[in-house]
Each structure stands twice: as structure tokens, then as C-alpha cells.
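Architecture at a glance
What follows is the residue order along each chain.
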Amino acid sequence: MPAGDLPQVVPSHLDALWFQVTGLRCNLACHHCFVSCHPKNNTFAFLSLADVESRLEEAAALGVKEFYFTGGEPFLHPQIVPILIAALAYGPVTVLTNGTVLKADWLRQLRDAEEQGIYSLEFRVSIDGFSPESNDPIRGEGTFVRAMSGVKLLVEHNFLPIITAVRTWSDAAESHIVAEFVHALKEIGYARPRIKLLPTLQIGAEESRSCGYADHDRITAEMWAGFDSTQLVCENSRVVSDRGVHVCPILIESPDSLLGKTLAQSLRPFEVSHGACFTCYQFGSICANPSSAPATGKDR
Ligand code: SF4
Ligand code: SF4
């Protein structure tokens, strides 16, 4: 990159495709949500089963290996079960959920679909504290109990959900908090919980909760020199909304994130000039799944 130019990520190939399947509609309105999701957010439309099927075909032709479903809350979509089953015919699937609206009947169908196919289905459940007292002030009254019920239901259907928590605590408190998380999850029958800790992204609702990025929180040309850009989600992934194909799920609300109507059009360089890009630079591929091995308090 010539000196003075803004850092750009040039995608080498497409490994993963994300679906913003319910747009930004969520039954919750967490104070730290980096995409301003809430129950009345209709800025993006839901993707239909036909939309998803057509993108799966497009992705298969480009060699995409795995699929992620996010929102908003994916399980608000009336066709989410057939959508996930359709995706499982093309590759491993991960669905990001807040765990509060899961139903046993849906999980039975998804368990059967996974067992009958060759690809895995992973769940990531967001919980931001190991108790109602630590979780609910961020995610809403009653959400800890509801999310833990969702985790229990998943475990009862032989899924091993990845519990994701955003770091809203100090470094000094971390080992205690992880230990408490593991304890709370074991109490509901999740013997070897998998836990993924995420950095805060100071955009969306989180910008009001704490603060936004300062002007200097940007990747500079000096920082970029020698950096391995394959660490970034945008190097090998894209996300589909009803508007087209965007660079990554994190920047879905930024107008410059929309890169084209087709996946092939979207495979072009992107200037990583946002504050959130600075966080990705610091923490790497924060959207990816952790190791598939069940985690202890230290292994995540
Ligand atoms: S953080 Fe997740 S559960 Fe909370 S409002 Fe945003 S999308 Fe919904
Ligand atoms: S926010 Fe992260 S994943 Fe998105 S474009 Fe910036 S560096 Fe890439």
C-alpha cells in the first residue's frame, strides 16, 4: 500500500456467507447492541426462504464453505426452521440467537435435520452476565432467566451452544466472571460449556451506553504495514441483507458497507476506515466461531 493511502482489505476468496435474516428486528433492545436492533426496527426487511435459497446457490458456485444467520433475532422469522434446514444442505451453519424465544418443536426439527445431513448446526447464544443482576441491566428485565431456559432447551436437544458475552467488565474481574458463567451453566445441565468473550464495538446502541470511537481510533497506514489481513472477517466473508451484499455484519448500518447486488460484485477492496475496524484490528476475527472443542473457563 503506498504511504498515505487508506488501508484496504482485498478479499482473496469467499469462505463464509452471513445472512441478516431478520434485518435489525429483535425482541430485545440491549443497551450495548452494535447494530441498534429493537422490536420496531424495520430499516431492513426479512429475507424470504426463496431469497436465502437463491443466495445459497450463488454462494455454492463461488465455493463458500459455511453459513451464518444473524439479525436482529433470527428466531423471530416465521420460516427460520426451513431456512436453516435449506442452508444445512450446502454447508455447516451457525445461528446467532439471544435464546429467549426458542421452542422445543423447532429444535426437534433442527436436530433431525442435522442428524440426517452431513453438516453441523451450531448455536451461539448471547448472555452478558452470569446472573440476572449482571445480565439484565444490559439485555433487559427477565432476559437472563429466559436465555438460560433457551440454553437448557438446546442442551436437551444435544446441541452444545457457544455462549457469547460482551466484555463489559474490567480485566481484573475476568477470571471470576468466567468461573461464575461456567458454574451457572453447569447448574442447568450444560456440563462443559463453550464460552466466547467479545470486545465491545462502540457503534449502534453501545455508542450511547458508553461512548463512540474517537477520531484517532482508526487503522493507520503505519499499523497496516505488515498486518495479516486474513485475520479480518471482511477478507473472506460477506453478509446478505434485503438491500444486497455488505462487507460485514458489523457495519451493516453504514451506507458504504453495501458493495453490490451479487456476491461476485461484492468481492472488491474495502477501506477499513471505521472505528469498528480499529477494534477488529486489535482483536482479529471477532465474528468467527471459537474452537469446536467444549471449553472450560480458560479454554475459549
Ligand atoms: S445484542 Fe443481540 S439480542 Fe440484543 S438487541 Fe442486539 S441483536 Fe438483539
Ligand atoms: S468492521 Fe471489521 S470486518 Fe467490518 S470492514 Fe471493518 S475490519 Fe472488516
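Refer to the structure printed above.
This report concerns the structure included in the present document. (Residues numbered from 1 in each chain as written. Chains lettered and ligands numbered in written order. Predicted model: local features only at pLDDT ≥ 70, side-chain atom pairs only at ≥ 80, totals over all residues. Heavy atoms only, no water.)

1. Digging into the pairing of strand 5 (residues 121-126)
Among the six residues in strand 5, five count as buried, and that is most of the element. Bridge count between strand 4 (residues 93-97) and strand 5: five bridges; the pairing is parallel. In the strand pairing of strand 5, Leu96 is matched with Arg124. As for the winding sense of the linkage, the β-α-β connection from strand 4 through helix 3 (residues 104-116) to strand 5 is right-handed. (Buried < 20%, exposed > 50% of the residue type's maximum accessible area, 1.4 Å probe, protein only. Helix = DSSP H or I, 4+ residues; strand = E, 2+ residues; numbered from the N terminus. Pairing = 2+ DSSP bridges. Right-handed = clockwise from strand over helix to strand, strands pointing away.)

2. Remarks on the pairing of strand 4
Residues in a regular strand point their side chains to alternate faces of the sheet. For strand 4, the tally of buried residues reaches five of five residues, placing the bulk of the element in the interior. Side chains Val93, Val95 and Thr97 of strand 4 all project onto a buried face; the interleaved residues Thr94 and Leu96 project onto the opposite face, where all are buried too. In this sheet, strand 4 lies alongside strand 3 (residues 66-70) in parallel orientation, the contact comprising three bridges. Note on strand 4: the bridge partner recorded for Phe69 is Val95. Handedness of the crossover is the feature at issue here: the chain leaves strand 3, passes through helix 2 (residues 80-88), returns alongside strand 4, and the resulting connection is right-handed.

3. Looking at the site of ligand 1
Neighbouring ligand 1 are the residues Cys26, Leu28, Ala29, Cys30, Cys33, Cys37, Gly72, Asn98 and Arg139. According to the grid-proximity analysis, the pocket containing ligand 1 is the largest cavity. Considered class by class, the residues forming the shell around ligand 1 number six nonpolar, two polar and one charged. (Near = heavy atom within 4 Å. 1 Å grid on protein atoms, 1.4 Å probe; cavity = no way out; pocket = protein on both sides within 12 Å on 5 of 7 lines; lining within 4 Å. Sits in = over half its atoms within 2 Å of the grid points. Nonpolar A, V, L, I, M, F, W, Y, C, P; charged D, E, K, R; others polar.)

4. Some details on the nonpolar core
Phe19, Phe69 and Phe75 are the most contacted members of the largest nonpolar core, which has 55 residues in total. Core analysis: the second largest hydrophobic core is formed by 17 residues, Leu201, Leu251, Ala276 and Cys280 among them. (Core = buried A, V, L, I, M, F, W, Y, C linked by side-chain atoms within 4.5 Å.)

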